[in-house]
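Single-letter residue listing:
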Amino acid sequence: MTLTTINELEFPQSLLDALRQARHVVVFTGAGVSAESGIPTFRDESGYWGDVDPEDFATRAGFRRDPALVWGWYESRRKQVMRSQPNPAHIAIARLARYIEQLTVVTQNIDDLHERAGCAEVLHLHGSFFAPRCFACARPYSKPLDSPDLVSSEPRQEPPRCARCNGRIRPGVVWFGEQLQREMYQPAQRAAQKCDVLFSIGTSSLIYPAASLPFETAARGIPVVQVNPSATDLDAKAKFNLRGQAGDIMPRLLAAAWPDAGEG
Ligand code: BV8
Ligand code: ZN
């Protein structure tokens, strides 16, 4: 395991070689990749879980108990994402597609910053802000969430109702105790098991089954590159631990591996 801190100008040659020779790269991300876009993470100092209890805000029971509180929380987070921009980490990740034959981006995030940075296809293991559905009958909610009659900045907002069964609309995310969608998790797992390099960027590696992906990659002897200012359980299994912020490291790593990567 090689530890490289951000202020070291050189990345290990073996990492640059692995990248240049890779045909298929998986990039697995968590809330830390959006931190430099101004989006709070969950478990850092100023993270979401420091303000709210996940039991009340990220479970079915919490939504049943107080749908307006949960819907209002997700709506305020969604609007913050709409006001934010992809940061240099998102842009560098999308730019990888220019140099790698196959790039698979797998995120635990529910924002659309990877897509807005130019990633064509993103596997959202924990869902998305942009796929609300009926809590009762699961019918997708097709009305635009920013339609005038739905715009409010109140912390508690009564969720809209389903056109088919009049059930409450819920955020299109995976809450604790809910299964991940097979059509997201299975391709992510396949990619993690057959890629040439896997990046794990900005995740505390604590939430399962998503967190198991980089461990499955490492167990197959495939190099795992972790990018995180802090240590996580993955440190022990990652071949390269790049200590620092993703927005600093990722553009520099691309420029080191492919000197023209820095251009427009
Ligand atoms: C399920 C909703 C079961 C969306 C979230 C073993 C197997 C299976 C399940 C379990 C298991 N053990 C326990 C479980 C249950 C549970 C779980 O994992 N619990 C934990 C507490 C142990 N898992 C579940 O419930 C999952 N469901 O397995 O169902 C099942 C089985 C059969 C039948 C029915 C059910 C569902 C988990 C999904 C929960 N949903 N959120 C939302 O609101 O966003 S969780 C939440 O955590 C988010 O989704 C988030 O994406 C996810 C992971 O967090 P991170 O992204 O890592 O963010 P975090 O703040 O933790 O870390 C940020 C990192 O970034 C830090 O390390 C920091 O240092 C770094 N960083 C900061 N700045 C930067 C940076 N890095 C780089 N650059 C920077 N600038
Ligand atoms: Zn319905």
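Residues numbered from 1 in each chain as written. Chains lettered and ligands numbered in written order. Predicted model: local features only at pLDDT ≥ 70, side-chain atom pairs only at ≥ 80, totals over all residues. Heavy atoms only, no water.

Caption draft 1: Inspection of the coordination of the zinc ion (ligand 2) at higher detail. Distances from the zinc ion (ligand 2) to its protein donors, namely Cys-134 (SG), Cys-137 (SG), Cys-162 (SG) and Cys-165 (SG), fall within the range 2.1 to 2.4 Å. In this structure, the zinc ion (ligand 2) is surrounded by four donor atoms whose angles at the metal cover 97 to 120°, and the resulting shape is tetrahedral. Each donor residue of the zinc ion (ligand 2) lies on the same chain, and together they follow the pattern C-x2-C-x24-C-x2-C. Highlighted residues: Cys-137 in the loop between strand S5 (127–134) and strand S6 (169–173) and Cys-165 in the loop between S5 and S6, separated in sequence by 28 residues. Cys-165 sits in the partly exposed class, given a relative accessible area of 38%. (Donors = N, O, S within 2.8 Å, 3.2 Å for Na, K, Ca; no water. Tetrahedral: all angles 85-135°; square planar, octahedral: opposite > 155°, others 65-115°. Helix = DSSP H or I, 4+ residues; strand = E, 2+ residues; numbered from the N terminus. Buried < 20%, exposed > 50% of the residue type's maximum accessible area, 1.4 Å probe, protein only.)

Caption draft 2: Up close: the packing of helix H6 (residues 88–95) against helix H10 (residues 246–257). The contact between H6 and H10 brings their axes to 7 Å, and the two run at 30°. Relative to H10, the element H6 is oriented roughly parallel. Read as a crossing pair, H6 and H10 show a hand that is left-handed. Seen from H6, the contacting residues are Pro-88, Ala-89, Ala-92, Ile-93 and Arg-95; seen from H10, they are Ala-246, Gly-247, Met-250, Pro-251 and Leu-254. Among the residues forming the contact of H6 with H10, the class breakdown is eight nonpolar, one polar and one charged. (Axes fitted to C-alpha atoms, helices over the stretch in contact; angles between N-to-C directions. Parallel < 35°, antiparallel > 145°, perpendicular 65-115°, else oblique. Left-handed = near helix turned anticlockwise from the far one by under 90°. Contact = heavy atoms within 4.5 Å. Nonpolar A, V, L, I, M, F, W, Y, C, P; charged D, E, K, R; others polar.)

Caption draft 3: A look at the packing of aromatic side chains. By the definition in use, this model includes twelve aromatic pairs. Where Tyr-48 meets Trp-73, the ring centres are 5.6 Å apart and the plane angle is 80°; that geometry is what we call edge-to-face. Linking Tyr-48 in helix H2 (residues 48–51) with Trp-73 in helix H5 (residues 67–83), this pair joins segments that are 25 residues apart in sequence. A relative accessible area of 10% places Trp-73 in the buried class. Ring geometry for Phe-63 versus Trp-175: centroids 5.6 Å apart, planes at 35°, classification tilted. Here Trp-175 lies in the loop between S6 and helix H8 (182–194) and Phe-63 lies in helix H4 (residues 60–65), a separation of 112 residues in the sequence. Summarising the burial analysis for this pair, Phe-63 and Trp-175 share the class buried. Here the basic side chain of Arg-77 rests over the ring of Trp-73, its NZ or CZ set 4.6 Å away from the ring centre. (Phe/Tyr/Trp six-rings, centres within 6.5 Å; stacked < 30°, edge-to-face > 60°. Lys NZ or Arg CZ within 6 Å of the ring centre and 35° of its normal.)

Caption draft 4: Region of the structure containing the layout of surface pockets. Counted as a void, the largest pocket has a volume near 940 Å³. Residue lining of the largest pocket: 48 residues in total, with Gly-30, Ala-31, Thr-41, Phe-42 and Arg-43 positioned closest to the centre. Of all the secondary-structure elements, those providing two or more residues to the lining of the largest pocket are H2 and H5. Take the lining of the largest pocket: its biggest share by element is three residues, from H5. Considering only residue class, the lining of the largest pocket consists of 25 nonpolar, 17 polar and six charged. Here the second largest pocket is characterised by a volume of approximately 240 Å³. Taken together, His-124, Gly-127, Ser-128, Ala-131, Arg-133, Gly-172, Val-173, Val-174, Glu-178, Gln-179, Gln-181 and Met-184 make up the full set of residues lining the second largest pocket. (1 Å grid on protein atoms, 1.4 Å probe; cavity = no way out; pocket = protein on both sides within 12 Å on 5 of 7 lines; lining within 4 Å. Points joined across faces, edges and corners; volume = space filled by probe spheres on them.)

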